[in-house]
Amino acid sequence: MVDDSAAGRTGEAFTLDIERGKIREFARATHSANPAYLEGDDPVVPATFLTTAFFWQHGAADPWEAVAMDQHKGLHAEQEFVFHGPPPRAGTRLTGVSRIESVTRKEGRSGPLAFAVMVTEFRDDTGRLVATAKLTGVEAG
């Protein structure tokens with residue numbers, strides 16, 4: 001059951017090193033043939049690449065755990081990425097910080113629904129905001 005008190009929880013900072021090989025693996029896994037992702041020493045990341053942050057974000061860096069969404073009743077409802085300039089390239093180190101933006105409830109056709117939204121900000125070594133990721137999860141109750 002989703003815990004309403006998770007709203008406002010912020011995780012610790014985590015590091016995401018953007019590697020050329022990982023960009024290529026991601027592009028191939030998503031069936032992209034775009035040469036911008038596959039060629040050169042510093043390819044640009046595909047638009048949804050930052051979802052791989054889940055592999056680096058754990059423990060105190062992951063506030064999503066506080067949401068306590070039942071994985072049998074929950075699902076990943078939406079994901080949005082906003083780039084605040086050019087997308088990052090291989091060789092970039094990003095620092096991410098996630099927070100639970102909101103937990104809301106509403107009545108659905110089949111019963112109650114709980115929505116949780118997590119926002120992650122990614123900054124480069126200079127502190128510049130590079131991208132914002134917004135994840136929405138929903139649990140049928």
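Residues numbered from 1 in each chain as written. Predicted model: local features only at pLDDT ≥ 70, side-chain atom pairs only at ≥ 80, totals over all residues. Heavy atoms only, no water.

Caption draft 1: Expanded view of the overall build of the protein chain. Within the protein chain, the regular secondary structure consists of two helices and five strands. Considered along the principal axes of its C-alpha atoms, the protein chain spans approximately 50 × 30 × 25 Å. By residue count, 38% of the 141 residues in the protein chain fall in the buried class. In the protein chain, once contacts between residues fewer than 6 apart in sequence are set aside, the share between residues at least 24 apart is 69%. Of the roughly 8100 Å² of accessible surface on the protein chain, 51% is carried by carbon and sulfur atoms. Of the side chains in the protein chain, 15 bear a positive and 20 a negative charge, and the two mean positions are spaced by 3 Å. (Helix = DSSP H or I, 4+ residues; strand = E, 2+ residues; numbered from the N terminus. Buried < 20%, exposed > 50% of the residue type's maximum accessible area, 1.4 Å probe, protein only. Contact = heavy atoms within 4.5 Å. Areas by Shrake-Rupley, 256 points an atom, 1.4 Å probe, with all protein chains shown as cover. Lys, Arg positive; Asp, Glu negative; His and termini not counted. Charge placed at Lys NZ, Arg CZ, Asp CG, Glu CD.)

Caption draft 2: Quick look at empty space enclosed by the protein. Summed over all chains, the structure comprises one cavity of 30 Å³ or more. As for the largest cavity, its lining consists of 14 residues, and the residues nearest its centre are Leu50, Phe54, Gln79, Thr120 and Ala133. Of the residues that constitute the lining of the largest cavity, the class distribution is eight nonpolar, five polar and one charged. (1 Å grid on protein atoms, 1.4 Å probe; cavity = no way out; pocket = protein on both sides within 12 Å on 5 of 7 lines; lining within 4 Å. Points joined across faces, edges and corners; volume = space filled by probe spheres on them. Nonpolar A, V, L, I, M, F, W, Y, C, P; charged D, E, K, R; others polar.)

Caption draft 3: Structural context of the nonpolar core. Counting 21 residues, the largest nonpolar core has Ile23, Phe49, Leu50, Leu94 and Phe122 as the members making the most contacts within it. Mapped onto this core, the elements with two or more residues apiece are β1 (14-17), α1 (20-29), α2 (35-38) and β5 (129-140). (Core = buried A, V, L, I, M, F, W, Y, C linked by side-chain atoms within 4.5 Å.)

Caption draft 4: Geometry of unusual backbone geometry. Here histidine 31, not a glycine, exhibits a phi torsion of approximately 60 degrees, which is positive. Here histidine 31 shows up in the loop between α1 and α2. Residue alanine 68 is not a glycine yet carries a positive backbone phi of 60 degrees. Tracing the sequence through the fold places alanine 68 in the loop between α2 and β2 (74-83).

Caption draft 5: Seen up close, the pairing of strand β4 (residues 111-123). Pairing analysis gives 13 bridges linking strand β3 (residues 93-108) to β4, with the strands arranged antiparallel. Bridging from a neighbouring strand, serine 102 pairs with valine 117 of β4. Where β3 folds back on β4, the antiparallel hairpin that results is connected by two residues. Two successive antiparallel strands, β4 and β5, enclose a turn made up of five residues, where glycine 127 displays a positive phi of approximately 90 degrees. (Pairing = 2+ DSSP bridges.)

Caption draft 6: Inspection of the side chain of threonine 136 at higher detail. If you trace the backbone, threonine 136 turns up in strand β5. Classification of threonine 136 as buried rests on a relative accessible area of 10%. Every residue in contact with threonine 136, bar those within four places of it in the chain, is listed here: Leu75, His76, Ala77, Glu78, Phe115, Ala116 and Val117.

Caption draft 7: Spotlight on the sheet that holds β1. Judged by pairing direction, the sheet is antiparallel, and its five strands sit side by side in the order β1-β3-β4-β5-β2 without closing on themselves. Each having just a single partner strand, β1 and β2 make up the two edges of the open sheet. Averaged over all neighbouring strand pairs, the angle between strand axes comes to 30 degrees, with direction disregarded. Direction of pairing for β2 relative to β5: antiparallel, over a ladder of nine bridges. What sits directly across from leucine 75, in β5, is valine 138. (Axes fitted to C-alpha atoms, helices over the stretch in contact; angles between N-to-C directions.)

Caption draft 8: Inspection of the packing of aromatic side chains at higher detail. Using the criterion set out here, one finds two aromatic pairs in the structure. On the numbers, 6.2 Å between centres and 90 degrees between planes, the contact of phenylalanine 14 with phenylalanine 122 is edge-to-face. One end of the pair, phenylalanine 14, is in strand β1; the other, phenylalanine 122, is in strand β4, with 108 residues separating them in the sequence. Judged on exposure class, the residue phenylalanine 14 and its partner phenylalanine 122 are both buried. A centroid spacing of 5.5 Å and a plane angle of 80 degrees characterise the contact between phenylalanine 26 and phenylalanine 49, whose relative ring orientation is edge-to-face. You can see phenylalanine 26 sitting in helix α1 and its partner phenylalanine 49 sitting in the loop between α2 and β2, a full 23 residues away along the chain. Pair check on accessibility: phenylalanine 26 and phenylalanine 49 agree, each one buried. (Phe/Tyr/Trp six-rings, centres within 6.5 Å; stacked < 30°, edge-to-face > 60°.)

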